[in-house]
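# Reading the structure
Here's the letter readout for the chains.
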Amino acid sequence: MRNDAFHRGETNPAILGPVADLLFLTVAELTKVFPIHSYVVLGGTAGGENADFLVRFGLDNAHELGDETGKEKMLKKLVEGVVFDSALPAALSQDLEERLDGIVDGLSYLNDGASDRSQLDHNLRYTQFWRERGAEVMRKAHEASRAPRDDLDRAYEEWLKVPGPRFTMDKVERWRRQATSIATAKHPADALARYVGIQRAISPLEEDVREAVAELDEHINMLVKERR
Amino acid sequence: MQRIRLLYEQVEEAKRLISSRTLLQLRLALILLDNAAELMMYRELDYQFAMEDYFARSTVRLPGKQKYTEAERRRAEQEFRPKVKLSQGLGIFQASRRPSFACATR
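The following paragraphs examine the structure supplied in this document. Computed from a predicted model, the values in this text were never measured in an experiment. (Residues numbered from 1 in each chain as written. Chains lettered and ligands numbered in written order. Predicted model: local features only at pLDDT ≥ 70, side-chain atom pairs only at ≥ 80, totals over all residues. Heavy atoms only, no water.)

### Regarding empty space enclosed by the protein
Any empty space left between atoms is shown by rolling a water-sized probe over those atoms. Residues and elements named next belong to chain B. Going through the model one piece at a time under the given rule, you end up with two cavities of 30 Å³ or more. Taken as a whole, the second largest cavity spans an internal volume of roughly 30 Å³. Lining the second largest cavity are Tyr42, Leu45, Asp46, Phe49, Ala76 and Glu77. Counting only elements with at least two residues in the lining of the second largest cavity, the list comes to helix 2 (23-57) and helix 3 (70-78). For the lining of the second largest cavity, the element with the most residues is helix 2, which contributes four residues. Partitioning the lining of the second largest cavity into residue classes produces four nonpolar, no polar and two charged. (1 Å grid on protein atoms, 1.4 Å probe; cavity = no way out; pocket = protein on both sides within 12 Å on 5 of 7 lines; lining within 4 Å. Points joined across faces, edges and corners; volume = space filled by probe spheres on them. Helix = DSSP H or I, 4+ residues; strand = E, 2+ residues; numbered from the N terminus. Nonpolar A, V, L, I, M, F, W, Y, C, P; charged D, E, K, R; others polar.)

Pasting the structure below:
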């Protein structure tokens, strides 16, 4: 998630608020946990911005900075008024549910609006087969001047066993159930870890479906323009 | 003292940004918080490495082999995740009452 946010500029607005809350509370806590080994107070007394800082954080003098009481005071000041409303697990759960529903809707759209599960599942599997093996089998059959049907059927049956499809409707439905259960996670960090795990698993499929839908839309738009 | 103050003020500023709830401010807050965490880890590991170097050179020899390899040090100085890993080894995150930082930043 960190890599997505900072290195690829990808953040999910739906969960950014509660994630920021969680990170804030975690980092605030770390200010107390990490030891302060040494520091220098020039002239022995804090002045200027340093003095303002001590007052703002309720410290009597700079010597309190490094001791446990002082750090506890500063932590209290940092988290003052911040309430983690535990909305994060529910938000994460809902976000994934919506995205998984979007994947199924996209698959349906790509299959001419079909809602039949077995048809969607077959087409989902066959698309993967085609990319990984089918196109090559077809090309070879064509080169050998054979009708490709038998070769394709045989290759598909083999492929279903090894390596097998990466994405199936079973998996999508299992992720959907797991996504729903995130809402009941006791720790927000646990919910976040589970969210990231599912997100990683579904992202390639989500991206594929999104691109295929966009391509289909573009194709349809071109046909509409041609008719005019 | 200034280094400590700036770190706290950075977290304080993140709090202000988060309260706005706008997309830009939340993203900026994430960057500030992430950087604050990285700075804390960096400073602590820097201290630990210096300690190890000190005892390696002194006549007072600590039992056991070198705790951090050169490669580990280099990675931890430059990258985020190795910092988290070595900080976990120090027991820093276990001392926190909050859910695991490593988990939150996964």
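Picking up where we left off.
### Side note on the pattern of salt bridges
Throughout the structure, instances matching the rule amount to 30 salt bridges over all chains. Across the pair A:Asp95 and A:Arg99 runs a salt bridge whose closest N-O atoms are separated by 3.3 Å. Of this pair, A:Asp95 and A:Arg99 both sit in helix 5 (residues 88-110), four residues apart, which is roughly one turn of that helix. In terms of burial, A:Asp95 and A:Arg99 fall into one category: buried. Several salt bridges share partner residues, and in doing so they unite A:Glu49, A:Arg56, B:Arg5, B:Glu9 and B:Glu12 into one network. (Salt bridge = Lys/Arg side-chain N within 4 Å of Asp/Glu carboxyl O. Buried < 20%, exposed > 50% of the residue type's maximum accessible area, 1.4 Å probe, protein only.)

### Thoughts on the interface of chain B and chain A
Of the residues lining the interface, 40 residues belong to chain B; the matching set on chain A comes to 56 residues. Scanning the region where chain B abuts chain A turns up four salt bridges. One salt bridge in this structure joins A:Asp21 and B:Arg21, with 2.9 Å as the shortest N-O distance. For the side of chain B that touches chain A, the secondary structure elements donating two or more residues are helix 1 (2-20), helix 2, helix 4 (80-89) and helix 5 (101-104) of chain B. In terms of residues, the side of chain B that touches chain A owes the most to one element, helix 2 of chain B, which gives 14 residues. Tallied by class, residues from the side of chain B that touches chain A come to 23 nonpolar, five polar and twelve charged. (Contact = heavy atoms within 4.5 Å.)

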